[in-house]
Structure formats: C-alpha cells, structure tokens
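Topology and contacts: notes
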Amino acid sequence: MVANAADEQRATDRLKTSLEQATAIFAEKNIRFTDLRRKVFEEIASTHASVGAYEVLDRLAKKGTRLAPISVYRALDALLEAGVVHRLESKNAYFACRRMDKPRTGRPPIFLSCEKCGTVQEVDGDDIFRAIDTAANGAEFETRVRFVEVSGTCHDCVAARRNA
C-alpha cells in the first residue's frame, strides 16, 4: 500500500511540475494557456503512454466536461505549437513532452515507443539527425524531418519478461 501511495504522490508531483513548465512555456511564447488547453494537457500529461484525441475526449467527459471533437483537436494544435506535447504519427496519438525542463537544442528528440505498455520516452537525437542531414545533403535532398519514432520494448517490460 505504501508503494502505491508513494507512486501516486510521485505522479501528482510530476503532473504539477509538468503543468508549471507548460504554463511557463505558453507565457514565454505569448500563447494563451486556456482552461481547455490546460485540461487537455492534464489528461495527456497524467500518463506516460500516448493517448488519442478521442480518449482525451472520453476522459474529460467522465469528469463532466463534454466537448465536440474539434475543440479537443484545436487544443491539441495549440499544445503542439507550444511544444508541450508531441504526436506519434504511427498511432495518431499524443504524449506530453518529457524534456520541457531541458534546454532547447533546436533538434527534435527521438521517440521510443513501447509496444507492450505504451510508454513513450524521449532521448537525445542529435547524432541521428546529423546523420540524416549528411545523407540527405549527399543526395541533394531537402529534408522536412520532424521526428524519429522507434517501436520496441521498454526497460520495465523487458525486465518483466525476463522475470516471468
């Protein structure tokens, strides 16, 4: 029971920190962090997995906030523009930026998406993106790379499989 209470407290603290960072980023970029955008962000940031727009819609409805899908998509667009959420193209799902507290390098991270539990991690992608730029330049190809997504199995799921 103590571990569950401790885990819950860590999750609450993590969400509070994410909200503070998102609020600061919106202010820094001079974008309004409306109540709806905050609610949508909270639903996404409250999990380590990616969630679809309709899942966000359902979660908000269960809490008494009924919205049209377009309202959620507009909020998601603003969250993406601010850089506080990312979109996994392969799943058409969203997850909260895990690196809001890190200095901006101008390069997007690599997204590691667990096929078992759905957790999404961000890792530094500078070397990968330099290699992509070098290859594209050699081919006289103009890139529009926004992200690199890698599917596989996270550390916790690998450990659980080994212990099974």
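Definitions and cut-offs
Residues numbered from 1 in each chain as written. Predicted model: local features only at pLDDT ≥ 70, side-chain atom pairs only at ≥ 80, totals over all residues. Heavy atoms only, no water. Helix = DSSP H or I, 4+ residues; strand = E, 2+ residues; numbered from the N terminus. Buried < 20%, exposed > 50% of the residue type's maximum accessible area, 1.4 Å probe, protein only. Areas by Shrake-Rupley, 256 points an atom, 1.4 Å probe, with all protein chains shown as cover. Contact = heavy atoms within 4.5 Å. Polar contact = N/O pair within 3.5 Å; in protein donor to acceptor, adjacent residues only side chain to side chain. Axes fitted to C-alpha atoms, helices over the stretch in contact; angles between N-to-C directions. Parallel < 35°, antiparallel > 145°, perpendicular 65-115°, else oblique. Left-handed = near helix turned anticlockwise from the far one by under 90°. Nonpolar A, V, L, I, M, F, W, Y, C, P; charged D, E, K, R; others polar. Pairing = 2+ DSSP bridges. 1 Å grid on protein atoms, 1.4 Å probe; cavity = no way out; pocket = protein on both sides within 12 Å on 5 of 7 lines; lining within 4 Å. Points joined across faces, edges and corners; volume = space filled by probe spheres on them.

From N to C terminus, the protein includes 6 helices and 5 strands. Seen in sequence order, the protein has helices and strands lined up from the N terminus as α-α-α-α-β-β-β-β-α-β-α. Taken along its principal axes, the extent of the C-alpha atoms in the protein is 55 × 50 × 30 Å. Here the protein, with 164 residues, has 35% of them falling under the buried criterion. Carbon and sulfur atoms make up 50% of the accessible area of the protein, which amounts to about 10500 Å² in all.

Before going further, it helps to spend a moment on the environment of Arg87. Within the element layout of this structure, Arg87 appears in strand S1 (residues 85–88). Take Arg87: its relative accessible area is 26%, and that puts it in the partly exposed class. C-alpha separation for the pair Arg87 and Phe111, spaced 24 residues apart in sequence, amounts to 9.8 Å. With residues up to four places along the chain from it excluded, the contact list for Arg87 reads Leu80, Asn92, Ala93 and Tyr94. Side-chain polar atoms of Arg87 contact the side chain of Asn92, separated by 2.6 Å.

All right, on to the packing of helix H3 (residues 53–62) against helix H4 (residues 69–82) then. H4 packs onto H3 with a crossing angle of 115 degrees between their chain directions and a minimal axis gap of 10 Å. Between H3 and H4, the crossing angle belongs to the class labelled roughly perpendicular. Pair H3 / H4 crosses with right-handed handedness. For the pair H3 and H4, the contacting residues are Ala53, Tyr54, Val56 and Leu57 in the first and Pro69, Val72, Tyr73 and Leu76 in the second. Its residues assigned to classes, the contact of H3 with H4 shows 8 nonpolar, no polar and no charged.

Side chains on a regular strand alternate between the two faces of the sheet. The pairing of S1 with strand S2 (residues 93–96) spans 4 bridges and is classified as antiparallel. When the bridges of S2 are listed, Leu88 appears paired with Ala93.

Attention now moves to the side chain of Ser50. Relative to the elements of secondary structure, Ser50 occurs in the loop between helix H2 (35–45) and H3. Sequence-distant contacts of Ser50, that is, excluding residues within four places in its chain, are made with Leu88, Lys91, Ala93, Tyr94, Phe95, Gly118 and Val120.

Reported here for the second largest pocket is a volume of approximately 260 Å³. Looking at the second largest pocket, it is lined by 15 residues, and the ones nearest its centre are Arg14, Ser18, Ala45, His48 and Arg98. A total of 7 residues in the lining of the second largest pocket trace back to one element, the largest contributor, which is helix H1 (residues 2–28). Taken together, the residues of the lining of the second largest pocket break down into 6 nonpolar, 7 polar and 2 charged.

Looking now at unusual backbone geometry. Most of the time, phi is negative for any residue but glycine, and the peptide bond is trans. Backbone geometry places Asn92, a non-glycine residue, at a positive phi of 50 degrees. Even without a glycine there, the phi angle at Glu140 is positive, about 50 degrees. Tracing the backbone shows Glu140 in the loop between helix H5 (126–138) and strand S5 (148–152). For Glu140, a relative accessible area of 77% translates into the label exposed.

Adjacent strands of a sheet form backbone hydrogen bonds with each other and so pair up, either parallel or antiparallel. Taken in spatial order, the 3 strands of this open sheet run S4-S3-S5, and their pairing is mixed. Two strands in the sheet have a free side with no partner beyond their single neighbour: strand S4 (120–123) and S5. Sheet twist, expressed as the mean angle between neighbouring strand axes with direction ignored, is 25 degrees. Both strand S3 (residues 110–114) and S5 contribute to a ladder of 5 bridges, which runs parallel.

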